[in-house]
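A look at the structure
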Amino acid sequence: MAVIRDMIPPFELFQPAGVDDAVRLMEEHGDQGWVLAGGLDTFDWFKDRIKRPSAVIDLGGVDELRGISAGADGGFAIGAMTSLTTVAESADVMSAYPLLATAAVTVATPQIRNQGTLGGNIVQDTRCWYYRSGWPCYRAGGNICYAGTSRSMNREHCIMGASRCVAVNPSDTAPALVALDAEMVVASTSGERTYAATDFFIGPDLDIERMTVIEPGDLLTQIRLPAPWSGARHYFEKVRDRKSWDFSLASVASMLNVEGGVIRDARLVVNGIAPYPVRMGAAEAAVRGREPSDETGQMAGEIAVEGSRALRHNDYKIALTRNLVKRAIRDAA
Amino acid sequence: MEFLRRALNPWGEDVPIGVSWDLIWAAVIIGAIFVVGHALMVPKKVATGEIDEDEARGLPEKLQRHTPGARGFHWSMSIAMFALLITAFFPVVGIQFPWVTIHWIAGVLLILTVIYHIYHVFAKQDFWTMWIDRRDIAEGKQGLKAALGRPEGKRPRSGKYPVDQKMFHHAAMVVTLGAVVTGVLMMFRIENFLLPMNTYLFSDAAWGWVYVIHGVSGIGLIFLVIAHVYFAIRPEKRWMTWSMINGWIDRDRYLENHDPERWVVPEQGSAAELEASGGGGGQAAVSDRVRGEGP
């Protein structure tokens, strides 16, 4: 494991007051710039002296990135700098998107949720401890996956979606946002772009050094949630080693539109098993027109793990995923 | 601009991890400068139309320059090479797509074409036709002087392959073999159904040099492909390009550009007869070494 040191290497601090200023600074500093949101991912990197940016752009003073507002289409927009506590305790979020509120409240501890932001939770880097140790793996620009050898310790690594890199996405809110068909708004000096949440997260086959479409100079500004499904059932579960405070080993988020006792539409997303939140499209298709029963859940679970492949010490994730998907169908309320 | 990317491995050793990606742009810029400089400085060679009737006597209208096998190799290799370059370098310059699987499969195709080429050269063609001898060097010197505006008499005709083609072939051979050998080793670092993953095959430093050689070879191929495509579309070279498509050159082109003493074709031979006589154009070519006039 990396040794936490006390002294953070020096950098120049910028504190923009608006998004325009922020993206201009990011453009100016390119890959030498570092965007600071809640700082919970950032300061690990800095104290380990693995990331040494010359400029840090602190978004703490950009008020326009905070808050939850109603959208014209019946949905909501959440600023990327909105704290996880605000998201979890928002009456609007709890009533319209209880799935997101449930996911947000499972993140770490109350203190961390006070400081951590929704945007930061979404774009945080992987916790692969080989990578976080600062070794020159593929994700760090090197030419090897230290977690991909026959002797690696892979308990936390992926069972699907690997492509040279076997790290997983650690976000708790990401699967909920994918299940809610959220859209991510990204700003840069060249304008604003919007991505469907399912396209926002990318795997190492596409770019081994990133977990999202965010590139240097890009800033996630807002998360847009569409009008909620009327009467939809939802389910969120995060499995971790310590219930008090830990990253997930795997998590599941589901949205089920049930009419007349039959599933009309479904979203099933599992995180912690791949480098990105995995939307279980085949399982979603299979459960449509069926009752949200134990049998349907069992079938969905079996479909969900098709093609998965365990690494050293993480075959438990296959059974875990199967059961999480089953519960996400059977127990959605 | 740096040439190597280096990093500290888990044991604190400073090891190379690959070639600097800045060199991609260096190869592109050098290739562009070469193309523009050559296009501006070297005039288009105009066909003289002067044919020695004695030499023409007995020759067929069309002579096979490339057998179907040789053409198949060339275009298969071209497809593999373009696939390799696109999958290798487009993601580096920001055009993202899942490239790894396409890349190694294209690499396997390249290896198969190279194996076929080696077999074809030794079994079906005359190995020495691609050898550079003293007459090629003299031809090259005169060609260079003519290109620099100081022509010395009539440029000598080449054997089956002009000296610039031979030099290109040897340069391409070196970098392709570099890419192929290191590419095979690198397949031990990725999942594929041909070779088992074994990251412990070499030390980190040795692996780093494998990546460096692979990168240098790939970047070298960028320049060579630019130059090759440029010469293929130059007006006075297009007959050669066409011969790589249809396999033939006409008698006048042959007599104007090739020395019948150095590229011997059987008298009275029609194209079909040449093919039937034992493998086509490759067999039609008799090298200096075979004729006892080589270096």
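Quantities reported herein were computed from a predicted structural model and do not represent experimental measurements. (Residues numbered from 1 in each chain as written. Chains lettered and ligands numbered in written order. Predicted model: local features only at pLDDT ≥ 70, side-chain atom pairs only at ≥ 80, totals over all residues.)

1. With respect to the overall build of chain A
The helix and strand tally for chain A stands at 13 helices and 12 strands. Computed over C-alpha atoms, the radius of gyration of chain A comes to 19 Å, within 12% of the 20 Å expected from 2.2 N^0.38 for 333 residues, which places it in the range of a compact globule. Dimensions along the principal axes, computed over C-alpha positions, put chain A at roughly 60 × 55 × 35 Å. (Helix = DSSP H or I, 4+ residues; strand = E, 2+ residues; numbered from the N terminus. Rg over C-alpha atoms; globule rule 2.2 N^0.38 Å.)

2. A closer look at the packing of helix 1 (residues 22-41) of chain B against helix 7 (residues 204-233) of chain B
A pair of packed helices is captured by two measures, namely the crossing angle of their axes and the spacing between those axes. Residues and elements named next belong to chain B. The interhelical angle for the contact between helix 1 and helix 7, taken along N-to-C directions, is 20°, at an axis separation of 8 Å. Accordingly, the angle class assigned to the pair helix 1 and helix 7 is roughly parallel. Of the two elements, helix 1 crosses helix 7, and the hand of that crossing is right-handed. Of the residues in helix 7, those in contact with Leu23, Ile24, Ala27, Val28, Ile30, Gly31, Phe34 and Val35 of helix 1 are Ile219, Ile222, Phe223, Ile226, Ala227 and Tyr230. The residue makeup of the contact of helix 1 with helix 7, split by class, is 13 nonpolar, one polar and no charged. (Axes fitted to C-alpha atoms, helices over the stretch in contact; angles between N-to-C directions. Parallel < 35°, antiparallel > 145°, perpendicular 65-115°, else oblique. Left-handed = near helix turned anticlockwise from the far one by under 90°. Contact = placed C-beta atoms within 7 Å. Nonpolar A, V, L, I, M, F, W, Y, C, P; charged D, E, K, R; others polar.)

3. Notes on the pairing of strand 1 (residues 4-8) of chain B
Across the two faces of strand 1 of chain B the burial differs, with Arg5 and Ala7 of chain B buried and Leu4, Arg6 and Leu8 of chain B not buried at all. Between strand 1 of chain B and strand 2 (residues 14-19) of chain B, which pair antiparallel and follow one another directly, the connecting turn spans five residues, one of which, Gly12 of chain B, has a positive phi of 80°. (Buried ≥ 20, exposed ≤ 12 C-beta atoms within 10 Å, placed from the backbone. Pairing = 2+ DSSP bridges.)

4. Considering the interface of chain A and chain B
Taken residue by residue, the interface counts 11 residues in chain A and 14 residues in chain B. Each residue belonging to the side of chain A that touches chain B can be placed in one class, and the counts come to four nonpolar, four polar and three charged.

5. Concerning the sheet that holds strand 2 (residues 33-36) of chain A
All names here are of chain A. Reading across the sheet, the three strands line up as 1-3-2 and stay open at both edges, with parallel pairing between neighbours. Strands at the two margins of the open sheet, each flanked by one partner only, are strand 1 (12-14) and strand 2. Strand after strand, the sheet turns through a mean of 25° between neighbouring axes, direction not considered. Taken together, the three bridges between strand 1 and strand 3 (residues 55-58) define a ladder with parallel strand orientation. Of the residues in strand 3, the one forming a bridge with Leu13 is Val56.

6. Considerations on the nonpolar core
In this structure, Leu99, Leu100, Leu177, Leu180, Val270 and Val325 of chain A are the most contacted members of the largest nonpolar core, which totals 102 residues. When residues of this core are assigned to domains, at least three fall in each of domain 1 (63-123 + 168-225) and domain 2 (233-330) of chain A. Among residues more than four places away in sequence, those in contact with Val325 of chain A are Val252, Leu268, Val270, Met280, Ala283, Gly297, Ala300, Gly301 and Ala304 of chain A. Counting residues in hydrophobic clusters, the runner-up holds 22 residues, among them Leu84, Ala106, Val210 and Tyr211 of chain B. (Core = buried A, V, L, I, M, F, W, Y, C linked by C-beta atoms within 7 Å. Domains from an automatic or database assignment.)

7. Some thoughts on the pairing of strand 2 of chain B
All names here are of chain B. Summarising burial for strand 2: five of the six residues are buried, a large majority. One ladder, built from five bridges, connects strand 1 with strand 2; its direction is antiparallel. If you follow Ala7 over to strand 2, its bridge partner there is Val15.

8. Overview of the environment of Cys165 of chain A
Residues and elements named next belong to chain A. Within the secondary structure layout, Cys165 lies in the loop between helix 8 (129-132) and helix 9 (173-179). Residue classification places Cys165 among the buried positions, given that 26 C-beta atoms sit within 10 Å. Taking the C-alpha atoms as reference points, Cys165 and Tyr131, separated by 34 residues in sequence, lie 9.8 Å from one another. With residues up to four places along the chain from it excluded, the contact list for Cys165 reads Tyr138, Arg139, Cys145, Pro204, Ile208 and Pro275.

9. Some points on the sheet that holds strand 9 (residues 233-239) of chain A
All names here are of chain A. Read from one edge to the other, the open sheet built from four strands follows the order 9-10-11-12, with strand pairing classed as antiparallel. Pairing within the sheet leaves two strands with one partner each, and these edge strands are strand 9 and strand 12 (278-279). Bridge count between strand 10 (residues 250-259) and strand 11 (residues 262-271): nine bridges; the pairing is antiparallel. Bridging across to strand 11, Met255 finds its partner in Arg267. Contacting strand 9 and strand 10, helix 5 (residues 98-105) runs over the sheet at an angle of about 15° to strand 9.

10. Describing helix 4 (residues 100-123) of chain B
All names here are of chain B. Look at helix 4: 34 Å from first C-alpha to last across 24 residues, which is about the 34 Å you get at 1.5 Å a residue. If you check which residues of helix 4 are buried, you get His103, Trp104, Ala106, Gly107, Leu110 and Thr113. Where helix 4 is buried, its residues contact helix 3 (68-89) and helix 6 (163-186). (Expected span 1.5 Å × (residues − 1).)

11. Some words on the domain arrangement of chain A
Residues and elements named next belong to chain A. Entries for chain A in the domain assignment read domain 1 (63-123 + 168-225) and domain 2 (233-330). Between the C-alpha centres of domain 1 and domain 2 the distance comes to 21 Å. The interface is formed by 24 residues belonging to domain 1 together with 22 residues belonging to domain 2. Tallying contributions element by element places helix 9 first for the side of domain 1 that touches domain 2, with five residues. Classifying every residue of the side of domain 1 that touches domain 2 gives 16 nonpolar, seven polar and one charged.

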